Protein chains: 4
Amino acid sequence: MSRMAFFADLMGTIFARRAGKPSPFGRAPVTELCEALLSPQGEVSGMQRAREILAQYRAMSVEEKRAFFMHLAMALDIDPERVIAAASRYRETRDAADFAELSRETEPRRQELLRRLNQVPGATEELVRMRCDLLDLMEETPELKRIDPDFIHLFASWFNRGFLVLRHIEWGTPANILEKIIEYEAVHAINDWQELQRRLRPSDRRCFAFFHPAMPEEPLIFVEVALCKGIPGSIQWLLADGRTIVPDSEIDTAVFYSISNCQKGLRGISFGNSLIKQVVEDLRRDLPQVKTFVTLSPVPGLARHLKKLAAEKPEVQALLDAADAKDPSALTSHLPLLKRVTADYLLSAKRPDGLPADPVARFHLGNGAILHDVHVLGDTSVNGFRQSATAMVNYLYDLAKVEDNNENFVTSKTVAASKGVKAMIA
Amino acid sequence: MSRMAFFADLMGTIFARRAGKPSPFGRAPVTELCEALLSPQGEVSGMQRAREILAQYRAMSVEEKRAFFMHLAMALDIDPERVIAAASRYRETRDAADFAELSRETEPRRQELLRRLNQVPGATEELVRMRCDLLDLMEETPELKRIDPDFIHLFASWFNRGFLVLRHIEWGTPANILEKIIEYEAVHAINDWQELQRRLRPSDRRCFAFFHPAMPEEPLIFVEVALCKGIPGSIQWLLADGRTIVPDSEIDTAVFYSISNCQKGLRGISFGNSLIKQVVEDLRRDLPQVKTFVTLSPVPGLARHLKKLAAEKPEVQALLDAADAKDPSALTSHLPLLKRVTADYLLSAKRPDGLPADPVARFHLGNGAILHDVHVLGDTSVNGFRQSATAMVNYLYDLAKVEDNNENFVTSKTVAASKGVKAMIA
Amino acid sequence: MSRMAFFADLMGTIFARRAGKPSPFGRAPVTELCEALLSPQGEVSGMQRAREILAQYRAMSVEEKRAFFMHLAMALDIDPERVIAAASRYRETRDAADFAELSRETEPRRQELLRRLNQVPGATEELVRMRCDLLDLMEETPELKRIDPDFIHLFASWFNRGFLVLRHIEWGTPANILEKIIEYEAVHAINDWQELQRRLRPSDRRCFAFFHPAMPEEPLIFVEVALCKGIPGSIQWLLADGRTIVPDSEIDTAVFYSISNCQKGLRGISFGNSLIKQVVEDLRRDLPQVKTFVTLSPVPGLARHLKKLAAEKPEVQALLDAADAKDPSALTSHLPLLKRVTADYLLSAKRPDGLPADPVARFHLGNGAILHDVHVLGDTSVNGFRQSATAMVNYLYDLAKVEDNNENFVTSKTVAASKGVKAMIA
Amino acid sequence: MSRMAFFADLMGTIFARRAGKPSPFGRAPVTELCEALLSPQGEVSGMQRAREILAQYRAMSVEEKRAFFMHLAMALDIDPERVIAAASRYRETRDAADFAELSRETEPRRQELLRRLNQVPGATEELVRMRCDLLDLMEETPELKRIDPDFIHLFASWFNRGFLVLRHIEWGTPANILEKIIEYEAVHAINDWQELQRRLRPSDRRCFAFFHPAMPEEPLIFVEVALCKGIPGSIQWLLADGRTIVPDSEIDTAVFYSISNCQKGLRGISFGNSLIKQVVEDLRRDLPQVKTFVTLSPVPGLARHLKKLAAEKPEVQALLDAADAKDPSALTSHLPLLKRVTADYLLSAKRPDGLPADPVARFHLGNGAILHDVHVLGDTSVNGFRQSATAMVNYLYDLAKVEDNNENFVTSKTVAASKGVKAMIA
């Protein structure tokens, strides 16, 4: 216990050092500063140079940033000739020194630049934002794409699961963190602090996030959990203002009803799978009465699927027309069809690579969950009508089977589903 | 302030998760487990496989470890042919996808293995120990050397300066950390807790260490500082039991009298330069009355140098004979010679690469310090007599000049020295 | 530093123990439970009895509470005969044992009851709420008033300045604490989280609160501070949305613009004086450029004073009529009069005991501040018009003179004022 | 969880303020300073006066301290005449104001003085030390005894159970706290840090202490616990260097083998009972496999009892002679007698007030424990031979029965004992 406290203190010093110092460098060109930072002396006087580069970067216009990245892409690239030469030598010798040489030649100098920039306190966050800019600029300037593997390589090392810290998010969490939960919630929007309080404060609600020690005020990903009696099928029911709180003694199910990635700059570095499993493990330990772990998930690809179907099937067109009214009662007679079509979509619709067409399905099935149930009138918000004609889905996480499920999914690309869901299309 | 507290809490959860769980894997061969961990499914079921691999590794004999590393070196190596092919393609196209492909081909699979092992809580420490083993085994089995660049590459990313945390070490620090300070002190041994207390508790003493968030109970490097009036020349005087504590109002000098690297497994990842500079900055802020920052350093290469000289110069042989008695008074008549020879050694003795022969000199001059003073009878311990016939040295850190000094040192390999030291050899 | 961390941990255990346990006592009458708690066995089995009494108290109706207090007032009172006997004995003997006996006889048993109730984790907060109830019930049931000195006596010991902890309140403070700042702000209401953010987040704003270790989620009192260039005279200007933030380098003045007591149940236990002085000391240390410490205070007694004057002076009636329009421009021609009358009111209007009539003046002058300036159009909110026809005041805290000022104020009841204010009435 | 962290932070500020400031008061006589502190102005300028009084007190000689206390005893005493008058008035009126007046008259001014001294950060610790001095001086100067009830009254309020914090003491606890555990261990001495480590580090050992928030570096009382398989009868076996650690799965018993009060100045403020019960509750929650909670306790009154018996019974004299050799084997033939006599002593030997003669028995039986077992050769240290001819005792805490046991003990003064112990004297 007190080790933790010692450590808390340890981390605290990060902040003490945050207070920046003015730069002794004038306005040297940023490319020159990059060269200086990469020089052997860079190891010694690097801190201030790195600080200055980051400061200049912050002040750049979009076009200046494009030029900066172009410099990284071109001037700090590898030399394929030298790579080939080194690889050829290693092919012959299999010598450690030759391997080290090959390693050096195949790592672009810009990667070491990013690593040295990171020595400045707070730089990790800035580098994540830098990649955000890169992702935008890459769209129009494909030459910049070759920088991205370097970011990905570094971020995969830096944001390795072993360095992430799982945190409860609750009503007693610092407001500057909570404000970001409001901002980053991507599935079911949180409109104000009262709504946030309803998601965090009741004894039957939980929220967990991953953080990185070098970005302690920035959640990386978070998941919201409702503790329920039984498996719910409606998000409006789950989030209703004035709902009855489930007493501890009646809770038997944990529902993951919202998972949001927070950092666009970390795209491609996947946290969701680890987060869900860690949270399942923690909840099992803290709430042994919880036996069932499910999601209540949207079906974001359904609308498009329905539109395609409608071209051939007039009853689907009728369903779409009814959904267009955003009125639950108008849907009544179409619900059996909606259920069947949704189940069929999730079980059978595939991408060219054979994986499920629905991205949320891909994510949870890829994590080893199974398709457990399909609900109509599950999301009656405007967005719910638009996205899936109100359909929602439960994916079930059974830790004992997650691995086999995943193995099967990777090997055979089959969608594991409950008997109930299979029966829907029978 | 409360952000820090939030964060303290954040880090605390690391420990909560420390409690290991028994493995569901039987005793699958470790190589098979490695393949499984590297498979696409490894991302999902990786945690338990990684745990099992680490558990098996811990239980291995030296020979089993050698075999394990041999597997990493051979089976998980790159294929130079594929590297050459990918580099050739990239040479033509300069296409981002081809660059990404080349990046993949040039990274041995063992590197990703180490990265995936690291997802287990506590694994970072185990991987540092694993490299310790490797460093030993490499001596006899040179084929293993090619694994080391992968460790270095990962550790350089993971232990990036931006992720390290500077901590005061004081008498109120948890005992399990203090115990390691006793264990790791490499320059002037700490024999028991009373001696430790004398180094930490007085108001004119400080100690600082770098930690990594994933190894919160393991210091990486630490430095001991004495706050003095004037620049001292004797380590025995500095550490004397019963000495008078310097009142705050008289302090004008900070003396770095001991710097110890703690983790053999992090060899080649350099922290000393950053640590000294950070500590100088922090002390300048907290104790504005301190104007001078110096070391009191040993001259570990001197004994060998003296022995070489003695072959030609009988007076040096006489000096060595006197030093052999380990009796300060016996040295009296030899002191002027000792001072001159020491200054000369530090100013002029070089390695083949032109850098100073003395390793401590290389370190501090490379950090941008200058050679400020030479003392005889500076270390009258048995070790002091043996290592340098009692000579000690002050290196001076003047932050305003550190960068230019370093620049000069890197460029011209000249030893920057005070007039006083230069005069010693005049 | 790490002592603090140790301690943080220490305090954390409070919460771990918060989770209540069900009571083994049935529904014994609360009076019986009180007797049991006061018995010699009460020391041993007290925890559960105390818990049960508090649980029963929480569930009581107002009339049941009145009965409970009546029991405390009557059945657990002192016996004056025994006090007289013990005092007579002590008068003769001056013996320690007789003094101890007298002490016992003069302390009502209800005081020990409250002390034993406090052993339950979280009880301190409940006892503070219990006194809230008492303060209400005392109004109608004067017999209960004799209980209050026991609460005051205990609270004065428990909430002794030495046990209070000063805390920064900032945007990174836990939301459950911030929510209470919104709730308790008594001077210039905070309407929502955005407004709260404007008071806490800018670099030129501060907020400090006193807490008690046994009530870590309940601020006792807090003060809001604006860091300014020069002394401001308008609260609307100070709190304007979109105002320019004062750069650190231009700050020279700290303005205490709002002080709010949070706990009605602690009425009569005074924290404001200590809080202001502690904050002045802390700001002087952290922001040495701040030379001036003033308040921007309301004049709550002014409206009543004006009304009295208006009976005799038609120009004051005209001023009041103009103020009634709640329109700053309507006041224009009355401002010189308002300024003069306000200054005169503060300098000369007295209570029967000779102290200033205005309660805010009494508070700050009693703390050793002086009346520094008077502003018209200082508070143009509806409340400002109503309370003081827009007048506001600066009280100046000069720590070097605070003591002499206080001494003079206590002795001579003179209002210390700046030349400027004195000139207003000349 | 994060509330805890917030709070940790909250407490941290205590230390920030520790750094004392020089006093503005010259060397005013301490009695004058006391008057000033007690004056109405004392509320405002009290902090510095209080600081100066404490500083002067620290510098006093024993005789000066005696004079200081004499001043408290005489000049700051109550006036019995005024108490009698006030009590008489209250007897007539039963009026709240008269009760308040009586309360004021019966509280010596020295009590308010102590309360005002306590506002200085760190003063609580100094006042506890002040009472240490008083306890010593009272021996020779009985007039001072009348001050003690004021200290007791304040300390009973300040150190109320509700304000104490239970802490794990472990090998990761700050060294400055651990050093005090070594110092204060009063039952089985801890000779050095290695021995301390043996008591704290093994997984089958625990240590808990109570702290007060205002004295975070000073434990008030601590208990050492061994987790065992079965109930042990020998302290040497329990503390043996090199003993086998009991695996978690085999633990069924928690043994309280050492309880030490740390603060002489808090004599008469009892913490032991609360501590044991809190620890039993915490261990039951954290280690549900532990079913039995016992002590392994000394019998400090046995030696005296044996000596008395020996006068009449030659076999007891023989036993004493054998014990005098401090040699276990010499005791062999006397062990049955020793066991019987010890059991008899604990069951039957009484003080004049009817309570057990043995102080440790009084403590545990008074807490509601029962006498569970008697062991010979339980403590074969020199002290064990001297104190109890090696006998030791287990007292059993059964939380379900603790209350009834205590009730019986208070009412009937009967020693509750197991059948086994009763059979020993049959």
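Please read these numbers as outputs of a predicted model, since none were measured by experiment.

1. A few points about the environment of B:Leu196
Residues and elements named next belong to chain B.
Point 1. Tracing the backbone through its elements, the reader meets Leu196 in helix H11 (residues 193-200).
Point 2. In this structure, the C-alpha to C-alpha distance between Leu196 and Arg161, residues 35 residues apart in sequence, is 28 Å.
Point 3. The residues touching Leu196, leaving out its near neighbours within four places in the chain, are Trp171, Leu178, Ile181, Ile182 and Ile190.

2. A closer look at the domain arrangement of chain A
Point 1. Under the domain assignment, chain A is made up of domain 1 (13-158), domain 2 (161-295) and domain 3 (302-423).
Point 2. A separation of 44 Å is found between the C-alpha centroids of domain 1 of chain A and domain 3 of chain A.

3. Quick notes on the environment of D:Glu407
Point 1. Relative to the helices and strands, D:Glu407 is located in helix H20 (residues 402-412).
Point 2. Between the C-alpha atom of D:Glu407 and that of D:Gly368, which follows or precedes it by 39 residues, the distance is 7.9 Å.

4. Looking at the state of the cysteines
Point 1. A complete count under the given rule lists 0 disulfides over all chains for this structure.
Point 2. A:Cys228 takes part in no disulfide bond, and the closest cysteine sulfur, belonging to A:Cys207, lies 15 Å away.
Point 3. The cysteine B:Cys262 is free of any disulfide, with B:Cys207 supplying the nearest cysteine sulfur at 9.2 Å.

5. Topic: the pattern of salt bridges
Point 1. Taken as a whole and assessed by the stated rule, the structure comprises 128 salt bridges over all chains.
Point 2. Here A:Arg109 makes a salt bridge to A:Glu35, at a shortest N to O gap of 3.1 Å. With A:Arg109 in helix H7 (residues 109-117) and A:Glu35 in helix H2 (residues 30-38), this pair connects stretches of sequence that are 74 residues apart.
Point 3. For A:Arg109, a relative accessible area of 35% corresponds to the partly exposed category.
Point 4. A salt bridge links B:Arg285 to B:Asp286, with the shortest nitrogen-to-oxygen separation between them at 3.3 Å.
Point 5. Residue B:Arg285 is classed as partly exposed on the basis of its relative accessible area, which comes to 49%.
Point 6. Taking relative accessible area as the criterion, B:Asp286 reaches 46% and is therefore assigned partly exposed.
Point 7. Through salt bridges with shared partners, a single ionic network connects A:Asp77, A:Arg110, A:Arg146, A:Asp150 and B:Arg94.

Reading the values: rules and limits
- The residue numbers shown here count from 1 along each chain, following its written sequence.
- Lettering for chains starts from A, numbering for ligands starts from 1, and both go in the order in which the items are written.
- Since the coordinates come from a predicted model, pLDDT governs what is reported: local features require at least 70, and pairs of side-chain atoms require 80 or more to be given and counted, while whole-chain, interface and lining totals use all residues.
- Hydrogen atoms and water are omitted, and side-chain values are computed over all heavy atoms in the structure.
- Here a helix means four or more residues in a row that DSSP labels H or I, a strand means two or more in a row labelled E, and each is numbered from the N terminus.
- Any two residues whose heavy atoms approach within 4.5 Å are treated as being in contact.
- In this document the domain limits rely on a domain assignment from an automatic tool or a database.
- The criterion for a disulfide is a pair of cysteine sulfur atoms lying within 2.5 Å.
- In the sections that follow, a salt bridge refers to a side-chain nitrogen of Lys or Arg positioned within 4 Å of a carboxyl oxygen of Asp or Glu.
- Burial status follows relative accessibility: with a 1.4 Å probe on protein chains alone, a residue under 20% of its type maximum counts as buried, one over 50% as exposed, and anything between as partly exposed.

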